[in-house]
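# Commentary on secondary and tertiary structure
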Amino acid sequence: MKRTEKEDKILVKYKQYLKLEKSLSDNTVDAYLTDLDKLLAYLTLENINMLDVRLENLEDFSAGLHDIGIHPRSQARILSGIRSFYRFLIVEDYLEADPTELLESPQMGFKLPEVMSVEEIDLLIGSIDRSAKEGQRNRAILETLYSCGLRVSELCNLKLSELYFEEGFIKVEGKGSKQRLVPISPRAIKEIKLYFADRNMMKIKPGFEDFVFISNFGKNISRIMVFHIIKELAARIGLKKKISPHTFRHSFATHLLEGGANLRAIQCMLGHESIGTTEIYTHIDRNMLRSEIIEHHPRNIKFREKGK
């Protein structure tokens, strides 16, 4: 069954809705449409119009994702995009009932993200050779990642015009082109200012003058380069943990929570739309709490002493 002209018009309208009304970035819109294409390909094979979809069709589609080995997290993302599409159809009066309303997401085993200790972060940053050409820049990059809990894309796209050092904030553009103000530590400010002496000597290509972190090619530093810097430093100090730029973000949030920061404050800092996304860090904190109780509770101390 070929897609009808009406269906094509609906998809064009949905793309406009995601871009204009939801204010999503081009990359996010493409991701939504790519996931939706998987359902549309299934519907074409089954000879089902997108407006005639029922819950059992979606359940068959979801089971098919599992059968071909798509990871539960990816399955959940795809189904989330499909729910978004059918909510749009309801809003635009194409449908009266939402077929995704009772659609269940796959069960996912909970996996805690890798976290570095403060000592490991200090060791990693301390291993950078300041005298090397990119040394001070790399120190500034890691301090900013850890100080502000940024996504690597947010770091790579950080602008000079978005630095408010006098006030102690930076402006960050996160997912869906949403902007937020993030406090920055005096130490990170110091490292960035020291890096500016090197940056002023660099040949920066036209159009990239406002980016903070510049590569040897005169453009803003890439995500891949930040990954490479961190991987190289981890190998240098013999760190066995599998770390990435995102590890700094997880560590930042975990250390804030352990220090007593409010979960909603951490949500604002990280730019999470849902508090549920931030709540992953409460699991880390509970693990820490349990180990503290096991270690220090009087009952456990007596039990250990008896066992000696």
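Residues numbered from 1 in each chain as written. Predicted model: local features only at pLDDT ≥ 70, side-chain atom pairs only at ≥ 80, totals over all residues. Heavy atoms only, no water.

## Some details on unusual backbone geometry
What counts, and what does not: Secondary structure elements follow DSSP: runs of H or I no shorter than four residues count as helices, runs of E no shorter than two count as strands, and numbering proceeds from the N terminus. Buried, partly exposed and exposed residues are distinguished by accessible area as a fraction of the type maximum, computed with a 1.4 Å probe on protein chains only: under 20%, between the cut-offs, and over 50%, respectively.
Phi is positive for Ser23, close to 55°, though the residue is something other than glycine. Of note, Ser23 is situated in the loop between helix H1 (5–21) and helix H2 (26–46). The phi dihedral of Asp93 is positive, around 65°, even though this residue is not glycine. Structurally, the position occupied by Asp93 is in the loop between helix H4 (72–91) and helix H5 (118–126). What makes Asp93 exposed here is its relative accessible area of 67%.

## Remarks on the packing of aromatic side chains
Note the threshold: Note on ring pairs: Phe, Tyr and Trp rings are taken, using the six-membered ring of Trp, and paired if centres are within 6.5 Å. Classes follow the plane angle, with under 30 degrees stacked, over 60 edge-to-face and the rest tilted.
With the rule as written, the count across this model stands at 11 aromatic pairs. Ring geometry for Tyr14 against Phe88: centres 5.1 Å apart, planes inclined by 50°, an arrangement best described as tilted. Note that Tyr14 is positioned in helix H1 and Phe88 in helix H4, a separation of 74 residues in sequence. Each of the two residues, Tyr14 as well as Phe88, counts as buried. Measuring from centroid to centroid gives 6.4 Å for Phe88 and Tyr94, while their planes differ by 40°, and the two rings are tilted. Clustering of aromatic rings is evident, with ring pairs tying together Tyr14, Tyr17, Phe85, Tyr86, Phe88 and Tyr94.

## With respect to the sheet that holds strand E1 (residues 163–164)
For clarity, the threshold we go by: A strand pair is defined by DSSP finding two or more bridges across the two strands.
A sheet is described by the order of its strands in space; here three strands give the open sequence E1-E2-E3, paired in antiparallel fashion. Two strands lie at the open edges of the sheet, namely E1 and strand E3 (179–183), each paired on one side alone. Sheet topology note: the E1/strand E2 (residues 169–173) ladder contains two bridges and is antiparallel. Each residue of the ladder has a partner; that of Leu163, found in E2, is Ile170.

## Focus: the layout of surface pockets
To keep it simple, the criterion reads: The way it works is a 1 Å grid over only the protein atoms, where trapped points that fit a 1.4 Å probe form a cavity and open points with protein on both sides within 12 Å along at least five of seven lines form a pocket, and then any residue with an atom within 4 Å of a point lines it. Grid points are joined across faces, edges and corners, and a volume is the space filled by probe spheres set on the points. Under the grouping applied here, Gly and all other residues not named as nonpolar or charged are polar, the nonpolar ones being Ala, Val, Leu, Ile, Met, Phe, Trp, Tyr, Cys and Pro and the charged ones Asp, Glu, Lys and Arg.
Put simply, the second largest pocket is a space of about 330 Å³. Around the second largest pocket sit 20 residues that line it, and Glu134, Arg137, Asn138, Met225 and Ile229 are the ones nearest its centre. Where the lining of the second largest pocket is concerned, the elements lending two or more residues are helix H6 (135–148) and helix H9 (223–237). Ranked by residues supplied to the lining of the second largest pocket, first place goes to H9 with six residues. Broken down by class, the residue content of the lining of the second largest pocket amounts to seven nonpolar, seven polar and six charged.

## Some remarks on the pattern of salt bridges
Should the charged atoms of two oppositely charged side chains come close, the side chains can pair. The condition is simple: Here, a salt bridge means any side-chain nitrogen of Lys or Arg that lies within 4 Å of a carboxyl oxygen of Asp or Glu.
Under the criterion given, the structure shown has 12 salt bridges. Linking Glu191 and Arg130 is a salt bridge whose minimum nitrogen-to-oxygen distance equals 3.6 Å. Placement of Glu191 in helix H8 (residues 186–199) and of Arg130 in the loop between H5 and H6 is noted, with a sequence separation of 61 residues between them. Under the relative-accessibility criterion, Glu191 is labelled buried at 3%. A relative accessible area of 42% places Arg130 in the partly exposed class. For Arg180, the salt bridge goes to Glu154, with nearest N and O atoms at 2.9 Å. With Arg180 in strand E3 and Glu154 in helix H7 (residues 152–156), the pair connects residues that are 26 residues apart, well separated along the chain.

## Overview of the side chain of Glu162
Our working rule: Residues scored as positive are Lys and Arg, those scored as negative are Asp and Glu, and His as well as the terminal groups of each chain are ignored. Residue contacts follow a heavy-atom distance rule, with two residues in contact if any of their heavy atoms lie within 4.5 Å.
Among the secondary structure elements, Glu162 is positioned in the loop between H7 and E1. Buried charge Glu162 goes without a salt bridge, the closest partner of opposite sign being Lys159 at 4.8 Å. For Glu162, the contacting residues outside a window of four places in its chain are Asn157, Phe169, Ile170 and Lys171.

## Regarding the nonpolar core
Rules: Residues belong to one nonpolar core when they are buried, are Ala, Val, Leu, Ile, Met, Phe, Trp, Tyr or Cys, and are joined through side-chain atoms within 4.5 Å.
Ile141, Leu142, Leu145, Ile170, Phe213, Val226 and Phe248 are the most contacted members of the largest nonpolar core, which totals 45 residues. In terms of residues, this core owes the most to one element, H6, which gives six residues. Those residues within four positions of Ile141 in sequence are excluded, and the remaining contacts are Leu155, Phe213, Ile221, Val226 and Ile229. Ranked by size, the runner-up nonpolar core spans 29 residues in total, among them Ile10, Leu18, Tyr42 and Leu43.

## Things to note about a negative patch on the surface
We apply this condition: Exposure above 30% relative accessible area and the lack of any salt bridge qualify a residue for a patch; like charges then connect within 9 Å, and the nonpolar side chains Val, Leu, Ile, Met, Phe, Trp and Tyr within 5 Å. Only the protein chains shown count as cover for residues, and the accessible areas themselves come from Shrake-Rupley with a 1.4 Å probe. One atom stands in for each charge, and that atom is NZ of Lys, CZ of Arg, CG of Asp or CD of Glu.
Among the surface-exposed residues, Glu46, Glu59, Asp60 and Glu104 lie close enough to one another that they form a single negatively charged patch. Locating Glu59 in the fold gives a position in helix H3 (residues 55–67).

## Remarks on helix H10 (residues 245–258)
Spacing of three or four residues puts side chains on the same side of an α-helix, whose turn is 3.6 residues. Going by this rule: A helix is expected to span 1.5 Å multiplied by its residue count minus one.
Across its 14 residues, H10 extends 20 Å between first and last C-alpha, which sits within 8% of the 20 Å expected from 1.5 Å per residue. Of all 14 residues in H10, 11 are buried, a share of seventy percent or more. Restricting attention to buried positions, one finds in H10 the residues Pro245, Thr247, Phe248, Arg249, His250, Ser251, Phe252, Ala253, Thr254, His255 and Leu257. Taken from the residues just after H10, Gly260 is the one with a positive phi, measuring 100°.

## A look at the packing of H1 against H2
Each pair of packed helices can be summarised by the angle the axes make with each other and by the distance between the axes. What counts, and what does not: Think of each axis as a best-fit line through the C-alpha atoms, taken over the contacting stretch in the case of a helix, with angles from 0 to 180 degrees between the N-to-C directions. Handedness of a crossing follows from how the near helix is turned relative to the far one, being left-handed for an anticlockwise turn of less than a right angle and right-handed for a clockwise one.
Following both chains from N to C, one finds H1 and H2 inclined at 145°, their axes separated by 10 Å at the closest point. Classified by chirality, the crossing of H2 by H1 is right-handed. For the pair formed by H1 and H2, the contact residues are Leu11, Tyr14, Lys15, Leu18 and Lys19 on the first element and Asp26, Val29, Tyr32, Leu33, Leu36 and Leu40 on the second. Among the residues making up the contact of H1 with H2, the classes are represented as eight nonpolar, no polar and three charged.

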